[in-house]
Amino acid sequence: MGDREVDQQLVERAQRGDKHAFELLVSKYQRKLGRLLSRFIRDPAEVEDVAQEAFIKAYRALPSFRGDSAFYTWLYRIGINTAKNYLVAMGRRAPTTTEFDSEEAENFEDGDQLRDLNTPEAELMTRQIAATVNQTMEELPEELRTAITLREIEGMSYEDIANVMNCPIGTVRSRIFRARETIADRLRPLLDTSKDKRW
Amino acid sequence: MERISAFMDGELEDHDAAAQVRRLKEDPELRAAWETYHLVGDAMRGEAGYPSGLAARISAKLAAEPTVLAPSPRMHSRNVRRVALSAAASIGGVALVAWLALFDNPFVPQQNLAVNQAPMGTQTQLAATPANGSVNDYLLAHQQFSPSTAMQGVASYVRTVSGQNPEQR
Amino acid sequence: MARPALLFPALFGLGFGAGVALADPLQESEALAMLQKIADAARQLNYAGTFVYQHGDQVQTSRIVHFADASGEYEKLETLDGPRREIIRNNDEVTCYYLDAKIMRSEKRVARRSFPALLPDQLSALTTYYQIRKGDSERIAGFDSQALVLEPRDGMRYGHKFWAEANSGLLLKARMVNERHNVVEQFSFTQLAIGSGISREMVKPSFSVSFPEWRVDRFAHNLTSNVESGWAVKNFPAGFRKIMEMRRSKLGNSIPVTHMVYSDGLAAVSVFIEPMANRTRINEGLSHQGAINIYTRTINDQVVTVLGEAPASTVMQIANSVSFHGK
């Protein structure tokens, strides 16, 4: 799928000395990795520390990444190991299982609980972002909303979307872009006030 | 900006994609768009999180890191597309299984079970979900004949709808 | 949706390890009876529950309801995390609803006496290719269960372990492992009610489908089964045999697809062959959807796609030996 090819290209550029390419990957996966780590580490500040360490470790380990697996799969493993080592170093019990069974799945926190662990400001921000995105989605023209839903939720390629929506691929590309830009536009004021600096 | 949108979906030709990476490096506005567009996708999937200084902090740390240089990757970016095994390689069916057996992780995401070098030197890559319209139809059509459906009923169809495009999540 | 539930590697796939005394293999008739009981329970009982499906580092929680009465069999599968999807079965027809995207895909199954029965003559060969034995009893979702282990005798198929509810035989948990005893996929009920409190209402879709809001994708619009398509698989793995061959066409598309199914009684592999002109994007090579391996290749102007819950090498071997011997 297209996603994997993007990651592969960015990884290869990073392996050839382009740090910015790696930063793009950080930008893409920071939230996902954060969610993963917060299943083991409660304190959001610590989650950030461990996430940072995991990304740096991943950067240093880049020469050994050969594309056998997807980049995120590899990053995910580094994340798990970093979290585990962190917990052990802190003297906390690292969760252990010798065999997966259904009970384990229930012990994992539902993603929604993540909000309770944030600072009030961060939690408010998360809610505002979600609300803004939802609101904007509802106001989008139907074909833009469908296109971006098929892409982001259903993970379909432009070609498959073109088939389903019965339109040229170029139209799909433009619809997805316009949907993204519209939502991004509404988000920008929110993000500007929260970020001290852009990178 | 539209190119960045297409690029992040992996829908640009290789040469075009390479150009985008360069543009992203040079233009902060484009980088901000990359970040925001990904936030949009995450928010749609209920993973909004919150903007932390994480990316910026990592950026700063990276600047201090010695630049990593890897030897030329075994796979050129051109070859990220999957390459079919040659007919000769198919005789090495047993060798293939033996190769897979070298990956010693007990519970391994299937993406890791990649064949990096098939016998005869051709390359095959186990990619993530196909997300191809026809293949989805095939998966659905196949499931009715699977003995697992006889034993579990429609519950076995969870295979066809689970984890599609796992990297999105 | 991708909740990585497994933190540390599983040490045992099927539950074998050094020091575990291996039980005597089951008599073939007893093994077949257990499997048939599982299949009968799935068809005949009314039940509703929540289960967890796991493959690789993905965990998917879903709800399943099964209801059967004189008028037929009805089922509903509903994903509880990630993208909202529902699969509704109404006797012969299975429809998959992608709620967020408002797409529905439906599939009419080939009319048969019962929704896929385990084929008795398939099962009789089972012990040739699998060593079958009982496993320990376990409590799952509040029920006592009996385990059945099927260990493959070669690398062309996956190993299976089934836990069936002690009384009714309903499948409570199932696990598929590869040659290295890595768990490829696992299905397990976490909550289950059998028999009472299940109604027809519970198997209806949770939403209303109003066209033209919804896009419909119908495969197998015209089904012709038991055809001689002229295609054959020259070299399929031992124990597999062809159980179905048919032609099917997509709504709005007149060129039919040839669909053949090979099975060893426990695993099935489908072979789809269609003209390249039918497909706009062909991803050749190996990929997968969960535990299902998929291999695509082209022969002249035809695309061959082979997929099934079998190791990649099996899927590839079948694909690479597909040939046309004319009509």
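In this text the structure is predicted, and so the values were computed from the model without any measurement.

*Asks:* Help me out: how do you make sense of the overall build of chain C in this one?
*Replies:* Within chain C, the regular secondary structure consists of 4 helices and 21 strands. Across the 327 residues in chain C, those meeting the buried criterion constitute 49%. For chain C, the proportion of contacts with a sequence separation of at least 24, taken over those separated by at least 6, is 53%.

*Asks:* Honestly, the overall build of chain B in this entry has me stumped. Any pointers?
*Replies:* If you tally the helices and strands in chain B, you get 9 helices and 0 strands. Reading chain B from its N terminus to its C terminus gives the helix and strand order α-α-α-α-α-α-α-α-α. Burial statistics for chain B: of 169 residues in total, 57% are counted as buried. Counted over contacts in chain B with a minimum sequence separation of 6, partners at least 24 positions apart contribute 51%.

*Asks:* What am I meant to see in the environment of Ala125(C) here?
*Replies:* Residue and element names in this part refer to chain C. Topologically, Ala-125 is positioned in the loop between α2 (120–123) and α3 (126–129). Owing to 16 C-beta atoms within 10 Å, Ala-125 belongs among the partly exposed residues under this scheme. Separated by 115 residues in the primary sequence, Ala-125 and Phe-240 place their C-alpha atoms 9.6 Å from one another.

*Asks:* What is the right way to read the environment of Met260(C) from this model?
*Replies:* Residue and element names in this part refer to chain C. In this structure, Met-260 sits in strand β16 (residues 257–263). Residue class for Met-260 comes out buried when judged on the 24 C-beta atoms lying within 10 Å of it. The residues contacting Met-260, other than those within four sequence positions of it, are Trp-231, Lys-242, Met-244, Glu-245 and Val-271.

*Asks:* Please clarify how the environment of Ile58(B) should be interpreted in this entry.
*Replies:* Within the secondary structure layout, Ile58(B) lies in helix α4 (residues 54–64). The contacts of Ile58(B), once residues within four sequence positions are left out, are Val26(A), Gln52(A) and Phe55(A).

*Asks:* Sorry if this is basic, but what is going on with the pairing of β16(C) here?
*Replies:* Residue and element names in this part refer to chain C. Of all 7 residues making up β16, 7 are buried, and the element is well covered by its neighbours. Pairing analysis gives 7 bridges linking strand β15 (residues 241–249) to β16, with the strands arranged antiparallel. Pairing of Arg-248 across the sheet is with Val-257, part of β16. In this sheet, strand β17 (residues 268–275) lies alongside β16 in antiparallel orientation, the contact comprising 6 bridges. Its bridge partner lying in β17, Ser-263 is registered against Ala-268. Taken together, β16 and the strand that follows it, β17, pair antiparallel across an intervening segment of 4 residues, in which Gly-265 is found at a positive phi of about 105°.

*Asks:* Any chance you could explain helix α9 (residues 158–165) of chain A here in plain terms?
*Replies:* The periodicity of an α-helix, 3.6 residues per turn, causes residues three or four places apart in sequence to face the same way. All names here are of chain A. Within α9, 6 of the 8 residues are buried, which leaves the element mostly enclosed by the surrounding structure. Every buried residue belonging to α9 is among Tyr-158, Asp-160, Ile-161, Ala-162, Asn-163 and Val-164, and all of these are buried. Looking one or two places after α9, you find Asn-166, whose phi comes out positive at around 60°.

*Asks:* Help me understand the packing of helix α2 (residues 19–37) of chain A against helix α3 (residues 28–44) of chain B, please; the structure alone is not making it clear to me.
*Replies:* Two numbers describe a pair of packed helices, the interaxial angle and the distance between the axes. Running from N to C, α2(A) and α3(B) point in directions that differ by 20°, and their axes come no closer than 9 Å. Classified by the angle their axes make, α2(A) and α3(B) are roughly parallel. Crossing angle aside, the handedness with which α2(A) passes α3(B) is right-handed. From α2(A), Leu24(A), Ser27(A), Lys28(A) and Arg31(A) reach across to α3(B), where they touch Trp34(B), Glu35(B), His38(B) and Asp42(B). Of the residues belonging to the contact of α2(A) with α3(B), the class tally is 2 nonpolar, 2 polar and 4 charged.

*Asks:* Would you mind showing me how to read the confidence of the model for chain B here?
*Replies:* It should be kept in mind that the predicted coordinates are not to be read in detail where pLDDT is low. All names here are of chain B. Overall, the predicted model of chain B reaches an average pLDDT of 63, with 55% of residues at or above 70. Element-level mean pLDDT values for chain B span from 31 in helix α6 (residues 93–100) up to 92 in helix α1 (residues 2–8). Of the regions scoring below 50 in pLDDT, residues 73–132 engages in 146 contacts with residues more than four places distant in sequence or in other chains. Counting interchain partners and residues more than four positions distant, the pLDDT-below-50 stretch residues 165–169 has 21 contacts.

*Asks:* Can you help me understand the packing of α2(A) against helix α4 (residues 71–89) of chain A in this one?
*Replies:* Residues and elements named next belong to chain A. Contact geometry of α2 with α4 gives a least axis separation of 11 Å together with a crossing angle of 45°. With respect to α4, the axis of α2 lies oblique. Here the hand of the crossing between α2 and α4 comes out right-handed. Residues Leu-25, Tyr-29, Leu-33, Leu-36 and Leu-37 of α2 pack against Phe-71, Tyr-72, Leu-75, Tyr-76, Gly-79 and Ala-83 of α4. Looking at the contact of α2 with α4, its residues break down into 10 nonpolar, 1 polar and no charged.

*Asks:* Please clarify how the confidence of the model for chain C should be interpreted in this entry.
*Replies:* All names here are of chain C. Predicted confidence across chain C gives a mean pLDDT of 79, with 78% of residues reaching 70 or more. No element of chain C has a lower mean pLDDT than α2, which averages 57, and none a higher one than strand β9 (residues 159–165), which averages 94. A low-confidence stretch, residues 1–22 stays under pLDDT 50, and its non-local contacts, those more than four residues away or across chains, total 57 contacts. This prediction of the complex comes with two scores: 0.55 for pTM and 0.83 for ipTM.

*Asks:* Explain α4(A) here, please?
*Replies:* Relative to the 27 Å expected for 19 residues at 1.5 Å per residue, α4(A) spans 27 Å between its end C-alpha atoms, a close match to the ideal helical length. Of all the residues in α4(A), the buried ones are Phe71(A), Tyr72(A), Thr73(A), Trp74(A), Leu75(A), Tyr76(A), Ile78(A), Gly79(A), Ile80(A), Thr82(A), Ala83(A) and Tyr86(A).

*Asks:* Which parts of the structure should I look at to understand unusual backbone geometry?
*Replies:* Leaving glycine out, the prevailing phi sign among residues is negative, and the prevailing peptide bond configuration is trans. Residues and elements named next belong to chain C. In this structure, Ala-141 is a non-glycine residue whose phi angle is positive, near 50°. Within the secondary structure layout, Ala-141 lies in the loop between β7 (130–140) and β8 (143–152). Even without a glycine there, the phi angle at Asn-300 is positive, about 50°.

About the criteria used
Position numbers for residues count from 1 along each chain, tracking the sequence in the order it is written. Here the convention is simple: chains get letters from A, ligands get numbers from 1, in the order in which they are written. Where totals are concerned, whole chains, interfaces and linings use all residues; where local detail is concerned, this predicted model gives features only for residues with pLDDT of at least 70, and gives and counts side-chain atom pairs only at 80 or more. Helix and strand definitions follow DSSP, with helices as H or I runs of at least four residues and strands as E runs of at least two, each counted in order from the N terminus. As a rule, residues whose C-beta atom has 12 or fewer other C-beta atoms within 10 Å are exposed, those with 20 or more are buried, and those in between are partly exposed; C-beta atoms are placed from the backbone. Whether two residues are in contact is decided by their C-beta atoms, placed from the backbone, lying within 7 Å. Only strands that DSSP links by at least two bridges are regarded as paired with each other. For helices, the fitted axis covers only the stretch in contact; all axes are lines through C-alpha atoms, and the angles between them, taken along N-to-C directions, range from 0 to 180 degrees. Under this scheme an angle from 65 to 115 degrees is roughly perpendicular, one under 35 degrees roughly parallel, and one over 145 degrees roughly antiparallel; angles in between are oblique. Helix crossings get a hand from a simple test, with the near helix turned counterclockwise from the far one by less than a right angle marking a left-handed crossing and a clockwise turn marking a right-handed one. Amino acid classes used here: Ala, Val, Leu, Ile, Met, Phe, Trp, Tyr, Cys and Pro are nonpolar; Asp, Glu, Lys and Arg are charged; the rest, including Gly, are polar. pLDDT measures how confident the predictor is about each residue, on a scale from 0 to 100. Between the first and last residue of a helix there are one fewer steps than residues, each counted as 1.5 Å, and that sum is the expected span.

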